[in-house]
Amino acid sequence: MLKLQIIIGSTRSGRNADAVLRWLIPVAQSCGAFEVETLDLRDWPLPFFEETMATVGDFNNPTYSSPLVKRWNNKIKEADAYVMVTPEYNHALPGVLKNAIDTVFCSFGFRHKPVAFVAYSIGVAAGVRAAESLNQIMLETEAIPVRTQTLIPFVTSAFDAEGKASNPALDIGLTIMLDDLAWLAKALKLARVGGELLPATIRSRMATARK
Ligand SMILES: Cc1cc2nc3c(=O)[nH]c(=O)nc-3n(C[C@H](O)[C@H](O)[C@H](O)COP(=O)(O)O)c2cc1C
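A brief report on the enclosed structure follows. (Residues numbered from 1 in each chain as written. Predicted model: local features only at pLDDT ≥ 70, side-chain atom pairs only at ≥ 80, totals over all residues.)

### Here's the deal with the overall build of the chain
On a plain count of helices and strands, the chain comes out with seven helices and six strands. For the chain, the sequential pattern of α-helices and β-strands runs β-α-β-α-α-β-α-β-α-β-β-α-α. Since a compact globule built from 211 residues should have a radius of gyration of about 17 Å, the 18 Å found for the chain is in line with a globular shape. Taken over the C-alpha atoms alone, the chain extends approximately 60 × 35 × 25 Å along its principal axes. Expressed as a percentage of the 211 residues in the chain, the buried residues total 34%. Of the contacts made within the chain by residues no fewer than 6 positions apart, 78% connect residues no fewer than 24 positions apart. (Helix = DSSP H or I, 4+ residues; strand = E, 2+ residues; numbered from the N terminus. Rg over C-alpha atoms; globule rule 2.2 N^0.38 Å. Buried ≥ 20, exposed ≤ 12 C-beta atoms within 10 Å, placed from the backbone. Contact = placed C-beta atoms within 7 Å.)

Below, the structure is given as structure tokens:
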């Protein structure tokens, strides 16, 4: 079974993320493609990013600046696919989520794995600018962003008392996104098993050292 990690990008109390998760998690669990784990950044109080080559230490068994940073890198490495649940803060993703992504440092944990975005906001914007920021950011981690995004406008009225989506188009969109994610996750897992090139940054350093 493919391992899916759902990463929650809001940590503030009273967050609307919880209404989104109440809807999203059962759909992801029942789609049949994934073993689902939720990574709540509230449970991962990562320090503000402070890694350097010195804190990483031994590249093959990095120490990092703290055991929690090491555990976070190892945790991210476990997955075959990711869903990032993000609100829009000032036309971008929350800083806590960006910090968690940056903290995956020198372990290349996201590399060659697909990532999909569920974005939301209280207004009409639906978190689209957070999702678009994430598209660009995650490409740099060498994750493969799924084209289909789940965008939720007016999040405070998007779900009924049972947690069901008020607009059926949301269910359809989420199912399509998860299908695309599963297809890519399977294909990329096979490709990784077949062998991977070293990351370009490492190959570049090696080539420079040979000169
Ligand atoms: C710091 C901050 C900045 C925000 N900026 C935007 C924004 O740029 N666009 C938008 O549509 N909503 C914005 N909002 C409203 C959020 O979309 C809304 O509060 C959402 O529920 C936040 O998710 P959360 O409750 O899970 O943290 C902002 C909210 C906060 C707290």
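### Focus: the site of the ligand
Contacts to the ligand come from 15 residues, most closely from Ser10, Arg15, Asn16, Pro87 and Ser121. Classifying every residue of the shell around the ligand by side-chain character gives six nonpolar, six polar and three charged. (Near = placed C-beta within 6 Å. Nonpolar A, V, L, I, M, F, W, Y, C, P; charged D, E, K, R; others polar.)

### Concerning helix α5 (residues 128-140)
Counted at 1.5 Å a residue, the expected span for α5 with its 13 residues is 18 Å, and the 19 Å between its end C-alpha atoms agrees. The set of residues buried in α5 consists of Ala130, Ala131, Ser133, Leu134 and Met138. Buried residues of α5, viewed axially, fall in a sector of 160°; they line one side. Exposed positions of α5 whose direction lies more than 90 degrees from the buried face are Gln136, Leu139 and Glu140. Among the structural elements, β3 (81-87), β4 (114-120), β5 (144-145) and β6 (150-152) are those in contact with the buried residues of α5. Two residues or fewer past α5, Glu142 is found with a positive phi of approximately 70°. (Expected span 1.5 Å × (residues − 1). Arc of directions from axis to C-beta.)

### Quick notes on the pairing of strand β1 (residues 2-8)
Burial analysis of β1 places five of its seven residues in the buried class, which makes it a mostly covered element. Judged from the seven bridges that link them, β1 and strand β2 (residues 34-40) form a sheet pairing that is parallel. Paired with Gln5 across the bridge in β2 is Glu37. As for the winding sense of the linkage, the β-α-β connection from β1 through helix α1 (residues 17-30) to β2 is right-handed. Relative to β3, β1 runs parallel, the two being bridged by five bridges. For Ile7, the partnering residue across the bridge sits in β3 and is Met84. (Pairing = 2+ DSSP bridges. Right-handed = clockwise from strand over helix to strand, strands pointing away.)

### Considering the environment of Leu178
Within the secondary structure, Leu178 sits in helix α6 (residues 168-193). Judged by the 26 C-beta atoms lying within 10 Å of it, Leu178 falls in the buried class. Considered as a pair, Leu178 and Glu50 are 128 residues apart in the sequence and their alpha carbons are 34 Å apart.

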